[in-house]
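# Topology and contacts: notes
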Amino acid sequence: MGRALMVGLTVLVAGLAAAALWLGAARNAARQDERDRQAAVRAAAVHAEALLALDHRTVDQDVARLVATSTGQARDGYMKGRDAMRQEALQREVSQTGVLRAAGLVAMSDGGRSAEVLVVGDALIRWGADGKKRGGDSNAPGKPEERAYRWRMEVAKVGDRWLVSRAELVQ
């Protein structure tokens, strides 16, 4: 009877140890998932803030921030369009400042390596002294235009960084 009791207790202790290890691993995985969710939302928010802060005086640095916070399709688009964006900003003397209102996670996918995030921001756009807007419209000089931006952003984990792979304006 003493030997059977020892074997039973050994099995019980081994089972409890295995359960503790499993629970610990599950807790660590849940913590990592939460860190990834927060990092994905933060990456989209940082990218949106860069989109909201474009100025003809700092356009090269502004576009560099967009490139640095993006990957894939988004990065390629900024790289291809940066000369046109720079020329437009300088020619029109555009200055856009904005405020990030909200960012929220819609979904995680690909085993936690990609996510969809909705981002809301408001901007104030000013054009140079001639008041010219894109397309030749005229705005009274000094009168800023308010815009509300809503983006659906796809973010991807590249190495240990979260970067925006697609930014789409939505209504």
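Just so you know, these numbers come straight off a predicted model, no measurement behind them.

About the thresholds
- As a convention, each chain's residues are numbered from 1 in the sequence order in which they are written.
- Per-residue local features of the predicted model are confined to residues with pLDDT of at least 70, and side-chain atom pairs are confined, for both listing and counting, to 80 or more; whole-chain, interface and lining totals are unaffected and use all residues.
- Based on all heavy atoms of the structure, the side-chain values leave hydrogens and waters out of the count.
- Secondary structure is summarised from DSSP: a helix means a run of H or I of at least four residues, a strand means a run of E of at least two, and numbering begins at the N terminus for each.
- By this rule, a helix spans an expected 1.5 Å times one less than how many residues it contains.
- Axes are fitted to the seven residues ending at a residue and to the seven starting at it; the angle between these axes is taken as the bend at that residue.
- Two residues qualify as a contact provided that any one of their heavy atoms is within 4.5 Å of a heavy atom in the partner residue.
- Strand pairing is assigned whenever DSSP identifies at least 2 bridges connecting the two strands.
- Lines are fitted to the C-alpha atoms to define the axes, a helix being fitted only along its stretch in contact, and any angle between axes, read from their N-to-C directions, falls within 0 to 180 degrees.
- The term salt bridge refers to a side-chain nitrogen of Lys or Arg lying within 4 Å of a carboxyl oxygen of Asp or Glu.
- Exposure classes here rest on a 1.4 Å probe applied to the protein chains alone. A residue is buried below 20% of its type maximum, exposed above 50%, and partly exposed in between.

Turning next to helix α3 (residues 72-92). With 21 residues, α3 extends 29 Å between its outermost C-alpha atoms, agreeing within 8% with the 30 Å of an ideal straight helix rising 1.5 Å per residue. In the structure, α3 departs most strongly from a straight axis at G81, where the bend amounts to approximately 55°. Elements in contact with the buried residues of α3: α1 (2-52), α2 (59-68) and β5 (161-169). Taken from the residues just after α3, E93 is the one with a positive phi, measuring 50°.

Right, let's talk about the sheet that holds strand β1 (residues 54-55) for a bit. One open sheet accounts for five strands, arranged β1-β2-β3-β4-β5; its pairing is antiparallel. Edge positions in the sheet fall to β1 and β5, since each of these pairs with one other strand and no more. Across 13 bridges, strand β2 (residues 95-109) lies against strand β3 (residues 114-126) in antiparallel orientation. Bridge pairing links G98 to A123 in β3. Its contacts with the sheet place α1 against β1, β2, β3, β4 (145-158) and β5, and it is angled at close to 155° to β2.

Using the criterion set out here, one finds 13 salt bridges in the structure. The salt bridge partner of D122 is R101, with a shortest N-O separation of 2.8 Å. Residue D122 is found in strand β3, and its partner R101 is found in strand β2; the two are separated by 21 residues along the sequence. Using a relative accessible area of 54% as the deciding quantity, one classes R101 as exposed. A salt bridge links E154 to R166, with the shortest nitrogen-to-oxygen separation between them at 3.4 Å. Placement of E154 in strand β4 and of R166 in strand β5 is noted, with a sequence separation of twelve residues between them.

For α1, built from 51 residues, the straight-helix expectation of 75 Å at 1.5 Å per residue is met to within 8% by its first-to-last C-alpha distance of 75 Å. Three or more residues of α1 are buried, namely D36, A39, A40, V41, A43, A44, A45, H47, A48, A50, L51 and L52.

What follows deals with unusual backbone geometry. Phi at E93 is positive, roughly 50°, even though this residue is not glycine. E93 sits in the partly exposed class, given a relative accessible area of 38%. The phi angle at D110 is positive, at roughly 55°, despite the residue not being glycine. Structurally, the position occupied by D110 is in the loop between β2 and β3.

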